Number of protein chains: 2
Amino acid sequence: MKISKSPLTNKIYEIPSKLDDSQNINEFIKKFQGKKIVVVQGLGFVGAVMSLICSNALTEEYAVIGVDLANENNFWKIKSINEGVFPIIASDPKINEFFDNTKSKGNLYVTYDSYAYSVANVIIVDINLDVEKVSDFDKNLLNYNVDLTLFEIGIKAIGNNCREDVLILVETTVPPGTCAKIVYPIIKECLSKRNLATNRFKLGHSYERVMPGPDYINSIQNFYRVFSGIDDISADETEKFLRTIISTEKYPLTRLGNTNSTEMAKVLENSYRAMNIAFIVEWSRFAELAGVNLYEVVNAVRMRPTHCNMMFPGIGVGGYCLTKDPLLAAWSKQNLFHSDSTLQESERSVQINDQMPLFAFNYLKETFGINLKGKKILLLGVSYRSDVADTRYTPVEPFYDYLLSEGANITLHDPYVDLWDEKSLIVSSDLKTLISHPIDILVYCTNHREYISNSSFISLLTEKPKLFIFDTVGVLLESEIALLSKVHTVKIVGRGDL
Amino acid sequence: MKISKSPLTNKIYEIPSKLDDSQNINEFIKKFQGKKIVVVQGLGFVGAVMSLICSNALTEEYAVIGVDLANENNFWKIKSINEGVFPIIASDPKINEFFDNTKSKGNLYVTYDSYAYSVANVIIVDINLDVEKVSDFDKNLLNYNVDLTLFEIGIKAIGNNCREDVLILVETTVPPGTCAKIVYPIIKECLSKRNLATNRFKLGHSYERVMPGPDYINSIQNFYRVFSGIDDISADETEKFLRTIISTEKYPLTRLGNTNSTEMAKVLENSYRAMNIAFIVEWSRFAELAGVNLYEVVNAVRMRPTHCNMMFPGIGVGGYCLTKDPLLAAWSKQNLFHSDSTLQESERSVQINDQMPLFAFNYLKETFGINLKGKKILLLGVSYRSDVADTRYTPVEPFYDYLLSEGANITLHDPYVDLWDEKSLIVSSDLKTLISHPIDILVYCTNHREYISNSSFISLLTEKPKLFIFDTVGVLLESEIALLSKVHTVKIVGRGDL
C-alpha cells in the first residue's frame, strides 16, 4: 500500500491501486452541462494556480478538472484540493479568495485519471520539464541534460485520450522547438492510432510569467501574455481562450509567428535575467576591492530608463526557472536544431550564478578570518526569494552545505518555511527566541519583509556581545549598519566601503 | 609652418609658433568682471557642447573659456568657434540655438593657451582617454592597454597653472580610481612645487551621459547626473556648480560616496549596455537557425518592465564608449587596484561585439552563396548609430574592410557623413542617384531616419532587377519586406523566418 502525506496538514492518504476515477469525473461534468471543460495537467506552482484562474475565468464559466499523478509526491494535492485545502501556501490573499469562490461554485474537480482528457475542450499542459545538472561541490557545472521522457509520457496521456478537436495549450517552459518537433507529432500519431482525424486538433503555446509571492494571481491574470499556434487556427483558438481568463484589455496579448518563437521568448526572458545577475557578480568583487558601495552605484545607474533592469549584488540565484532555462535553450540549439555550437553566454551565466553562494561563503571565511568549526551561525531566510515559501534550488542550500562542511553549528530562520523540504530540516520562524541564544555569526540570506527596517530586531542585536553580521542580500539600511557597526563587525556582499 | 584644416569649411589655419594667447584671454575676461570663469579642457564631442551648456547656464552667468591643443586635429576648432562656426554637426537644433545665444552674449572664448587655467574658478576636464586595442583582422582582441600619459599631461597643465582654490571637475571617462590615485596627487604636487596651498583645491567627478544626435543638448542639460568629490567640500562645490547648469529639479542629482564610485558607475553603465548587446548576439544566431523573428520576440519580452532593456540584433557596436569602457574597468581592476583577476565578462562583451560585423559579413557571404569579387555593393549608413555623423569605431568599418578584402566594389551612402574620416572615403547623400546605378547587393548598415518607412525609395528598389537586400539592423518593415521579397532576395540579421 502506497501513501502520500500532506506537508500542510500531515494527513496521510492511501493511494488506490485501481486508478479509475471516471465515475466521479462523469458526475462532476454532469453538473456543468453546456459549459466548456478545461483540464489542467500538472498541479505544481503554475498548474494549481492556473486551475483557480480558469475556475474564476473572467468572461466565461468553465468546469475545470485538475490532473496530477497518483504518486507519493502528488496524490495528497489531489485529495487536498477536493477536500477544500489549497496545496500551496502563498502570501497572496487572492489565492484564498479565488479558492473560496471556486469552492462555492463547485466548478473545480481534481483527479489522477487520464480519463479527464477525454472530456476536455481545452487541455492546459503545466507539467514540469527539468534539466539534469551535474555539478561538483564547488558548483562547477560538469554536464547537463534534458530528458524529455516524462514530458512525452504526459503528452501521450493526452493524445491517447483527447477529443480529436481539442485545444491543447502548452504552458510548460520547454526547449524551443518542442511543440513543433515533439508535441505535435506525438498527438498526431496517437490520434491516428485511435482512428481519429489528425487535422482537427489545435496546438497552442503560451508561457506563463508566474511570480509566486504576494502577486501570485495577478502575475497570471493581470499580466502580459505571449502566445502562438502551430498553425493559424490554433493561434486563433489559443487567443480566444486566453481572452477569457486574462485581462487582455489592460495587458494586451502578443501573438508571435510560430511556436518556436514563443518557446524561445520564454527561455530568452529568463536567460536575460540570469545573465544580468551573472554580469553584476564580477562588479561586486570589483566594488569590494575599490571601496565602493555597489548598491548605491546600481541605484544611481538605474535612474536611466535604458539601464533600469540592472541587478543588485546578492548571494545567488534560485528558483525553478533562472537556474535551468538558459540551459534548456542551449540544449535545444544543439539537440533539437542540431547546431554544433551551444549558447555559450547562457551556459556561462548559469555557471557564474551557481557559484555565487561559494563566493559568499569564501568571503565570510576570509573576511572574518576565523575557523568556522563549532561556530554558532544563524541564517536568516532559506527560500530563494523574498516573501515566498519556495526553497527550490535556493542558493542558501550550497551556502549551508559549505558552512556545514566546515563544522559550523547552523540554525535556520524563515518566516515562510517550516520544513526545508530538500534538506529535511526544521526551520524556525521565531526570531526573538533564536536571537536570545548565543550566536557567533548572523547571515542575512533572503530579503524577506520581516528583515527590512525591523528596528526591534536591530535593537535586540545591538544588545548582544560582539558578533559577525554578514548581509549577502543588501537588507540592512545605512542607519542600521551604523548602529550595528558600533558593537559588531558588519560586512555586506558588493560593498567595499565598510 | 604647421596647418590645421576645418573639415566643415575647408578653411586652412596656420598654427602659430608662439603659443601665447594671454592678452586675448585677459581682454575676454575683463568684459566679465565679477562673473565666475569656467574653463572647459578639451573640445571634442563632450567638451564643445559642454562649453555651450556653461555659456548658457541656467542660474548663473559664466564667462567660459574652451581650451584645446594647437595641433593639426584641433587648432581649426579653436579658430572656428571664435569665428562663429560650431565645429560639430548634429541633428539637434538646440546646438545652433545655444551657439547663437552664446555668440550674442559673447561669453565664450576659445584658446590653446594653458594660461586660461590660471584665471579659472572652475575647470572641467573633458579630454579623451583612449584604450589601445590590438586586434587581428577577424577582430580577435589580442591585447589592450590604457596609456595615461596624455591624460596626465593634461592634468599637469592644469596643476601648473590653476589657482590654489580652483574646483576641478573631471568628466572624462576614466579607469575607476583615476581621480583619487592620479589626478589628486598630480594637482597636489604641482601646487606644492608652486609654493601654493595644497589643501584648498576641490576635486570632483561627475560623468556626462552625452548622446550625440537629436537630443544632444538635453542629454547634458536635462538628464540625471551622478557626482562625487574627493572629500566632502569638493562634493559640495561640485553639486553647487552642477545645479547652475543642469535642470536638477526635474533630474535630481545623485551623490555617491567617493570618486571611485562615480568612476565605476560610468564604466558600469556602458559595460551593462555592451554586455546586453553581446548577450543578444548568440540568440540572433539561434533565431536564424530556428526560423524565429528575434525582433518580434524581443519586442514581446520588452513588454515586461523588468526586461525592457533587452537589445535588438544588429551589425555591431560602435562609438567612443561601449567599445572601450568595459576595458577601462578591467584595466583599472588589474592596474590601479592590483587585482590578479580581470573583469572577464566585460572583456568578453567587447570581444563578442567586436566580431559582430564579421558575422554579418559571413552571413552575407554564406546566405547569398556568391563570390563577392567585383560585385557592386551599396552600403546604407556608415555612422555608428542612427541620425548622427559620428563614425568613430563604427561597426561598418570592419564590415567594409571584409567586403573590400573579397574584391567587392563598394559605394557608400549616409545622409549625415560627407567624408568618412577614418577611411578617407567620400560618402554620398544622394540616394536616388546611387540607386539608379546597377547594384548587386544592398546592405542596410545604420538605421537612419531616412531609411525608415521610405516608401519612394522602396518603390524605386522594387523596379530594379533582382538583387540581394541585406538588412543588418532591422530597418525594414514587414510590409516592405513583403513587397521587396516579390522581386528580390531579402535577408535580415536575427531573423530566420524569411
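Numbers given for residues are sequential positions, taken from 1 along each chain in its written order. Written order decides the labels, with chains lettered from A and ligands numbered from 1. Only residues with pLDDT of at least 70 get local features here, since the model is predicted, and only at 80 or more are side-chain atom pairs given and counted; chain-wide, interface and lining totals rely on the full set of residues. The side-chain numbers reported here are obtained from all heavy atoms of the structure, hydrogens and water having been left aside.

Undergrad: Please set out the overall build of chain A residue by residue, giving values where relevant.
TA: Secondary structure counts use DSSP, requiring at least four H or I residues in a row for a helix and at least two E residues in a row for a strand, with both numbered from the N terminus. Within chain A one finds 18 helices and 19 strands. A 1.4 Å probe rolled over the protein chains alone gives each residue an accessible area, and that area as a share of the maximum for its type sets the label: buried under 20%, exposed over 50%, partly exposed in between. The proportion of buried residues among the 498 residues of chain A is 58%. Every residue pair with non-hydrogen atoms within 4.5 Å of one another is taken to be in contact. Summarising the internal contacts of chain A: among those between residues at least 6 apart in sequence, 75% fall at separations of at least 24. Of the roughly 19,400 Å² that chain A leaves accessible, carbon and sulfur atoms contribute 49%. Positive: Lys, Arg. Negative: Asp, Glu. His and the chain ends are not part of the count. Lys charges are placed at NZ, Arg charges at CZ, Asp charges at CG and Glu charges at CD. A gap of 2 Å separates the mean positions of the 51 positive and 60 negative side-chain charges of chain A. Under the convention used here, a 1.4 Å probe and the Shrake-Rupley method define accessible areas, while residue burial counts only the protein chains that appear.

Undergrad: Describe the sheet that holds strand S17 (residues 441–444) of chain B, naming the residues involved and giving the relevant values.
TA: Residue and element names in this part refer to chain B. Here the rule is simple: two strands pair whenever DSSP picks up at least two bridges between them. Taken in spatial order, the 5 strands of this open sheet run S14-S13-S17-S18-S19, and their pairing is parallel. What marks the edges here is a single partner per strand, and that holds for strand S14 (409–413) and strand S19 (489–492). On average, adjacent strands in this sheet sit at an angle of 15° to one another, irrespective of strand direction. Pairing between strand S13 (residues 376–380) and S14: 5 bridges, direction parallel. From the neighbouring strand, Leu 378 faces S14, where its bridge partner is Thr 411. Inter-axis angles, ranging from 0 to 180 degrees, are taken between N-to-C directions of lines fitted to C-alpha atoms, where helices are fitted over the stretch in contact. Packed onto the sheet, helix H13 (residues 356–368) meets S17, strand S18 (468–471) and S19 and runs at close to 150° relative to S18.

Undergrad: Now, about the relation of the copies chain A and chain B: what can you tell me, with residues and values included?
TA: The copies are overlaid by a least-squares fit using only the C-alpha atoms of residues whose pLDDT is at least 70 in both copies. Rotating chain A by 180° and translating it 0.0 Å along the rotation axis places it on chain B, where the RMSD comes to 0.0 Å. Between the two chains, the operation in question is that of a two-fold axis. In terms of C-alpha distance to the rotation axis, chain A has Asn 309 of chain A as its closest residue, with the C-alpha 3.1 Å off the axis. Same-surface contact between copies: 98% of interface residues of chain A are shared with the interface of chain B.

Undergrad: Please give an account of the state of the cysteines that cites residues and values.
TA: Residue and element names in this part refer to chain A. Defined by distance alone, a disulfide is two cysteine sulfur atoms within 2.5 Å. Applying the stated rule across the entire model yields 0 disulfides over all chains. Here Cys 321 is not cross-linked by a disulfide; its sulfur's nearest cysteine counterpart is in Cys 179, at 17 Å. Judged by relative accessible area, which is 27%, Cys 321 ranks as partly exposed.

Undergrad: Which residues make up the interface of chain A and chain B, and what values do they have?
TA: The extent of an interface is frequently quoted as the accessible surface area lost upon association of the parts. Contacts between the two partners involve 62 residues from chain A, matched on the other side by 61 residues from chain B. Counted as salt bridges are all cases of a side-chain nitrogen of Lys or Arg within 4 Å of a carboxyl oxygen of Asp or Glu. For the interface between chain A and chain B, the tally reads 4 salt bridges. When the shortest N-O distance is used, the salt bridge between Arg 348 of chain B and Glu 345 of chain A registers 2.4 Å. Pairs of N or O atoms within 3.5 Å make up the polar contacts considered here, provided that, within protein, one atom can donate a hydrogen while the other can accept it, and that residues adjacent in sequence are counted only when both atoms are side-chain atoms. Taken together, the connections running from chain A to chain B amount to 28 residue pairs in polar contact (both at pLDDT 80 or more). Elements supplying a minimum of two residues to the side of chain A that touches chain B: strand S12 (253–255), helix H10 (259–290), helix H11 (294–301), helix H12 (325–335) and helix H13 (344–354) of chain A. A total of 20 residues in the side of chain A that touches chain B trace back to one element, the largest contributor, which is H10 of chain A. Note on residue classes: Ala, Val, Leu, Ile, Met, Phe, Trp, Tyr, Cys and Pro are nonpolar, Asp, Glu, Lys and Arg are charged, and everything else, Gly too, is polar. Considered class by class, the residues forming the side of chain A that touches chain B number 35 nonpolar, 17 polar and 10 charged.

Undergrad: Help me get a handle on the pattern of salt bridges, residues and values and all.
TA: Throughout the structure, instances matching the rule amount to 52 salt bridges over all chains. Salt-bridge contacts for Asp 165 of chain A lead to Arg 200 of chain A; the nearest nitrogen and oxygen are separated by 4.0 Å. Residue Asp 165 of chain A is found in the loop between helix H6 (149–159) and strand S9 (167–170), and its partner Arg 200 of chain A is found in the loop between helix H7 (178–193) and strand S10 (202–207); the two are separated by 35 residues along the sequence. Of the charged contacts, one joins Asp 354 of chain B and Lys 133 of chain B as a salt bridge, the two residues approaching to 3.1 Å between their closest N and O atoms. You can see Asp 354 of chain B sitting in helix H12 (residues 344–354) and its partner Lys 133 of chain B sitting in strand S7 (residues 131–135), a full 221 residues away along the chain. Here the salt bridges do not stand alone but share partners, grouping Arg 163, Glu 164, Asp 165 and Arg 200 of chain A into one network.

Undergrad: With reference to specific residues and values, describe the nonpolar core.
TA: Residues belong to one nonpolar core when they are buried, are Ala, Val, Leu, Ile, Met, Phe, Trp, Tyr or Cys, and are joined through side-chain atoms within 4.5 Å. Residues Ile 65 and Trp 283 of chain A together with Ile 65 and Trp 283 of chain B are the most contacted members of the largest nonpolar core, which totals 144 residues. Among residues more than four places away in sequence, those in contact with Trp 283 of chain A are Leu 294 of chain A together with Met 264, Val 267, Leu 268, Ser 271, Ala 329, Leu 343 and Ser 346 of chain B.

Undergrad: Tell me about the sheet that holds strand S18 (residues 468–471) of chain A, and name the residues and values.
TA: Picture the strands of a sheet paired through backbone hydrogen bonds; they go either parallel or antiparallel. Residue and element names in this part refer to chain A. If you walk across this open sheet you meet the 5 strands as S14-S13-S17-S18-S19, and the pairing is parallel. Either end of the sheet is taken by a strand with one partner, and the two such strands are strand S14 (409–413) and strand S19 (489–492). This sheet shows a mean twist of 15° between the axes of neighbouring strands, independent of strand direction. Together, strand S13 (376–380), S14, strand S17 (441–444) and S18 form the strand contacts of helix H15 (residues 396–405), whose direction differs from that of S13 by roughly 180°. Along the sheet, helix H17 (residues 455–462) makes contact with S13, S17 and S18, crossing S17 at roughly 160°.

Undergrad: Please give an account of the confidence of the model for chain A that cites residues and values.
TA: pLDDT runs from 0 to 100 and stands for how confident the predictor is about each residue. Chain-level pLDDT for chain A is 95 on average; 100% of the residues reach the 70-or-more range. Scored as a complex, the prediction yields pTM 0.95 and ipTM 0.95.

Undergrad: Can you lay out unusual backbone geometry for me, pointing to particular residues and giving the numbers?
TA: Residues and elements named next belong to chain B. Phi angles above zero are rare outside glycine, and Lys 139 is one such case at about 65°. Along the chain, the position of Lys 139 falls in the loop between S7 and strand S8 (141–146). Here His 338, not a glycine, exhibits a phi torsion of approximately 55°, which is positive. Position of His 338 relative to the elements: it lies in the loop between helix H11 (325–335) and H12. Owing to a relative accessible area of 63%, His 338 belongs among the exposed residues under this scheme.

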